[in-house]
2 protein chains.
Amino acid sequence: MKQGFAMSDDNASAASAPRRARKAEAAPDLGVAAAASGVDVEQHIYETVFDSVLNQRLTPGTKLPEPALCELFGVSRAVIRKVLQRLEHERIVELRPNKGAVIAAPTPEETRQIFEARRALEVSIVEIAARRHTPQDLADLRRLLAHEHEITHNPYQPAWAACAREFHLRIAAVAGNPILTAYLTELMTRCSLIVALYQPSGNAACEHAEHGRIVDYMEKGDVASARAEMGRHLRALEDNISLDRGASTQTLAQMLNLG
Amino acid sequence: MKQGFAMSDDNASAASAPRRARKAEAAPDLGVAAAASGVDVEQHIYETVFDSVLNQRLTPGTKLPEPALCELFGVSRAVIRKVLQRLEHERIVELRPNKGAVIAAPTPEETRQIFEARRALEVSIVEIAARRHTPQDLADLRRLLAHEHEITHNPYQPAWAACAREFHLRIAAVAGNPILTAYLTELMTRCSLIVALYQPSGNAACEHAEHGRIVDYMEKGDVASARAEMGRHLRALEDNISLDRGASTQTLAQMLNLG
DNA sequence: ATAATATAAATCGTTGACGATTTTTGTATT
DNA sequence: AATACAAAAATCGTCAACGATTTATATTAT
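The rules behind the values
Every chain is numbered independently, its residues counted from 1 as its sequence is written. Written order decides the labels, with chains lettered from A and ligands numbered from 1. Reporting of local features is limited, given that this is a predicted model, to residues whose pLDDT is at least 70; pairs of side-chain atoms are given and counted only at 80 or more, and all residues count toward the totals for whole chains, interfaces and linings. Side-chain calculation: all heavy atoms of the structure are included, whereas hydrogens and water are not. Put simply, two rings from Phe, Tyr or Trp (the six-membered ring, in Trp's case) pair if the centres are within 6.5 Å, and we call them stacked under 30 degrees between planes, edge-to-face over 60, tilted for the rest. Two thresholds decide whether a charge sits over a ring: the Lys NZ or Arg CZ must be within 6 Å of the ring centre and within 35 degrees of the ring normal. What makes two residues a contact is simply this: any of their non-hydrogen atoms within 4.5 Å. We define a salt bridge as a contact between a side-chain nitrogen of Lys or Arg and a carboxyl oxygen of Asp or Glu at a distance within 4 Å. Secondary structure elements are defined from DSSP: runs of H or I of at least 4 residues count as helices, runs of E of at least 2 residues count as strands, and each element is numbered from the N terminus. Amino acids outside the nonpolar list (Ala, Val, Leu, Ile, Met, Phe, Trp, Tyr, Cys, Pro) and the charged list (Asp, Glu, Lys, Arg) are all regarded as polar, and Gly is one of them. Remark: nonpolar core denotes a set of buried residues (Ala, Val, Leu, Ile, Met, Phe, Trp, Tyr, Cys) joined through side-chain atoms within 4.5 Å. When accessible area is computed with a 1.4 Å probe and restricted to protein chains, residues below 20% of their type maximum are described as buried, those above 50% as exposed, and intermediate ones as partly exposed. Each helix should span, by expectation, one fewer than its residue count multiplied by 1.5 Å. Pairs of N or O atoms within 3.5 Å make up the polar contacts considered here, provided that, within protein, one atom can donate a hydrogen while the other can accept it, and that residues adjacent in sequence are counted only when both atoms are side-chain atoms.

Novice: Can you walk me through the packing of aromatic side chains in this structure?
Specialist: The geometry of two aromatic rings is summed up by the distance between their centres and the angle between their planes. The final tally for this structure, using the stated rule, is three aromatic pairs over all chains. Here the basic side chain of A:Arg86 rests over the ring of A:Tyr46, its NZ or CZ set 3.6 Å away from the ring centre.

Structural data, given as structure tokens:
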């Protein structure tokens, strides 16, 4: 098969020109801003790739050649390599030695493990959140539920996925443990990859109702029911994933929402 | 304060010599072995640092200068940098921009979060393990308990810590979810840092008894009791950490068990 | 026409070097 | 003697280049 990339052609002219405005001898470029922006540039590249994965512009299996990313972002290979290693550790990309980086493609077995891990984590998280929530926390969750309700009938899948993601992460935020939140964030990102791979026939309205029940139990202080409902909800999510595949024909620049 | 390092002196003569035996023109060094060993070298460096942290030779706050590590392991800065980034992502070292890497020193608040995350994870892990264990799994756990019993009266703290660590990770292995095992591994490594920082007055015999009860409940299939006992056990662990500090005077080479 | 082989292109791993920042050391002043 | 300041050393971030490996392409033989 053929990957639909054409970046070395259309980007060689667009990205190489601003690249030279770094240490020019004519412009008195204050070196402080250039050096201090280094860490921000790295974060920007990371977030761009991350966001593209969440929005399914970068789909599992997509190759991420280092030279292409260098030209797209106008940086050296060292910083690209650093970002790729970070993404690898979060299981978003897979780094095959001497063969390049690709967006990770969770196998069915990994999918099972990811959902089992989510259940293990989230039932504990919702238990902590059910004990620790403030009135403000509940108001925020209700507001998220209202936004969910509006978007339930939106056919654009990534929008709903982002909404649901925000809900689960908000509960983790209520629990107030950054470590558990980080783990859950990682697992939910991998779930985005799963959704992109095996398009689930998810019923947004059904999921929305389950979210509502979870908040209801939290408000009542019914910890056990909140745990049970979260467990049911996650099992239901796992239960509707098919095994179709979809291949893309976009360019890497389009997937990254650049140019 | 003064860090007790003297590596640039005694290592400049010992490590720079074998460094040159890489691409010499006289020796027909087969480049395949040198290139293929690259990933193993990286893994070796990682495991050396990791092991040194577990054994409390590398204690929180210890600086890890890149040039020193380059000479100690005879590699370039790129590979050292890669290992440091990996260790940073696992929260074992902290990478302060432009200020170097140090062994992480969990704060009291982080300590609370780490133990809360351990409880959240391990009660679910032991529940899965209690449902999924085979006779062989139970035999292995009993064997670990026997080894624990022998070492209970050993005054050398890291030996007992390694034993307890193995027990908890074995339960995770019985649960059979690599993702949860990886998260727990990370948390237990951070617990080693906590132990090194705030030396707990842990009662090994008491912990050993709790381990035994956990396995008993698993064997009986009493899932709820296994969960509860694990929760009690982890709370007890958290409850005895003091707030003393200890500073080291060893050289980095000694801490890494080299030469 | 297809398969196998050889050549060419692209990509990755590693290294050494340069500039910028931080830390240490030495000096002068109060 | 202690503090403040300045020079020097050490360390880190980034980059460009070289060799090795992989992938794609072109050629040739069956």
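Novice: Please explain the interface of chain B and chain A as it appears in this structure.
Specialist: Where interface size is quoted, it is often the accessible area lost as the parts come together. Tallying the contact residues gives 27 residues for chain B and 27 residues for chain A. On the surface where chain B and chain A come into contact, there are two salt bridges. B:Arg132 is the salt-bridge partner of A:Glu116, the closest N and O atoms lying 2.5 Å from each other. Contributions of two or more residues to the side of chain B that touches chain A are made by helix H5 (77–89), helix H6 (108–132) and helix H9 (178–197) of chain B. Sorting elements by how many residues they give to the side of chain B that touches chain A places H6(B) first, with 11 residues. Here the residues of the side of chain B that touches chain A sort into 11 nonpolar, six polar and 10 charged.

Novice: Would you explain the nonpolar core in this entry?
Specialist: Generally speaking, a soluble globular protein has its nonpolar side chains buried in company with each other. With 77 residues, the main nonpolar core has A:Ile171, A:Met218, B:Ile171 and B:Met218 as its most contacted residues. Beyond its immediate chain neighbours, meaning those up to four positions away, A:Met218 contacts A:Val126, A:Ala129, A:Ala130, A:His133, A:Leu141, A:Ile171 and A:Ala226.

Novice: Which parts of the structure should I look at to understand helix H10 (residues 204–220) of chain B?
Specialist: For an α-helix the count is 3.6 residues per turn, leaving residues at separations of three or four pointing the same way. All names here are of chain B. Between its first and last C-alpha, H10 extends 25 Å over 17 residues, near the 24 Å set by a 1.5 Å rise per residue. Among all positions in H10, only Ala204, Glu207, His208, Glu210, His211, Gly212, Ile214, Val215 and Met218 are buried. In this fold, the buried residues of H10 make contact with H6, helix H7 (135–151), helix H8 (157–175) and helix H11 (223–239). Between the side-chain oxygen of the N-cap and the backbone nitrogen of Ala205 there are 3.1 Å, and the N-cap of H10 in question is Asn203. With its phi angle positive at about 75°, Gly221 sits one or two positions after the end of H10.

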